[in-house]
Amino acid sequence: MHSESMPTPPRANETPQPQQQWLSFDQLPLIAVDQDYIKQVNTENLIVALPLLTLAVVVPVLINVPILVLLAIVTLMLIVLGCISYLRFCHAKSIHFGVFEDELVMQKGVIWRKKTALPYSRLQHVTLSQGPIERHFAQHTLKCFSAGSGHAEISLPGINTTSAEPMRQHLLAKAALRQKTNLPLAEKQHNELTSQSDTQSPTHMPPPKAQVSAGNTMNAPATEPSVQDDKDSNKDSDDDNKPL
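Residues numbered from 1 in each chain as written. Predicted model: local features only at pLDDT ≥ 70, side-chain atom pairs only at ≥ 80, totals over all residues. Heavy atoms only, no water.

### What to know about the nonpolar core
- Leu123, Leu142, Cys144, Leu156, Met167 and Leu171 are the most contacted members of the largest nonpolar core, which has 22 residues in total.
- At four residues, the largest contribution of residues to this core is made by helix α4 (residues 161-200).
- Those residues within four positions of Cys144 in sequence are excluded, and the remaining contacts are Leu104, Leu118, Leu123, His125, Val126, Ala152, Glu153, Ile154 and Leu171. (Core = buried A, V, L, I, M, F, W, Y, C linked by side-chain atoms within 4.5 Å. Buried < 20%, exposed > 50% of the residue type's maximum accessible area, 1.4 Å probe, protein only. Helix = DSSP H or I, 4+ residues; strand = E, 2+ residues; numbered from the N terminus. Contact = heavy atoms within 4.5 Å.)

If you want it as structure tokens, here you go:
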């Protein structure tokens, strides 16, 4: 017989919120990356563009390309490099981030905008990297890795040297604290689910089987004599009754 269990009322943190109370990403106070990162991106654009422009001029001259073709090549190269440099500049200015109580939020993108929120409960480790150009401008790139992921969930460039290491330590401390507080909560929820499944599922115990051990042979019921034993006893009695 199945036992009917009463439905459990929703807990306070499981009550759905109306859409008017939802907090949008646009309402989060995000801050831009360091301004020296914009200078770093412009320097990288010049380092890449100058050698390419030099090759675009020198190579056609060496192979005796007509002047009109040379001008067309240089103009096309300037347009392509200018578009790439401008897109990288706009992308650098679009990077914003925010360190909040429960999560780290990052926003970036010019054509396709992307917003990423990484809760501290999923944060596994944080690394800082610095290339030669970043070292010149005192910049770092902060990478956050989540549990069970082989790549960085958040790669945040443009962090100044004075705030890079304190920010990394702060994120690691928040992750350790959040994971420590979530562990008892996860165990409590697991115990509640286990108790609910035990009350809802009926338990049918099979009837115990009678077992006779070797030491309890005296208490075992006596077995009936077989037919062959009856025949042997009757034969013995007939032999006794025969005359000598």
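Following the structure, the description resumes.
### Quick notes on helix α1 (residues 35-62)
- The end-to-end C-alpha distance of α1 is 42 Å, a good match for the 40 Å that 28 residues give at a rise of 1.5 Å each.
- For α1, the full list of buried residues reads Tyr37, Ile38, Gln40, Val41, Asn45, Ala49, Ala56 and Pro60.
- For α1, the elements touching its buried residues are α2 (67-94), α3 (132-136), β6 (139-146) and β7 (152-160).
- The opening residue of α1, the one whose side-chain oxygen lies 3.0 Å from the backbone nitrogen of Asp36, is Asp34.
- Residue Asn64 follows α1 closely and has a positive phi angle near 60 degrees. (Expected span 1.5 Å × (residues − 1). Polar contact = N/O pair within 3.5 Å; in protein donor to acceptor, adjacent residues only side chain to side chain.)

### As for the pattern of salt bridges
- Going through the model one piece at a time under the given rule, you end up with five salt bridges.
- We note a salt bridge from Asp102 to Arg178, for which the minimum N-O separation is 2.5 Å. Here Asp102, found in the loop between β2 (96-99) and β3 (103-108), pairs with Arg178, found in helix α4; they are 76 residues apart in sequence, far enough to count as distant.
- Measuring nitrogen to oxygen at the nearest pair gives 3.0 Å for the salt bridge that ties Arg168 to Glu165. With Arg168 and Glu165 both in helix α4 and three residues apart, this pair spans about one turn of that helix.
- For Glu165, a relative accessible area of 33% corresponds to the partly exposed category. (Salt bridge = Lys/Arg side-chain N within 4 Å of Asp/Glu carboxyl O.)

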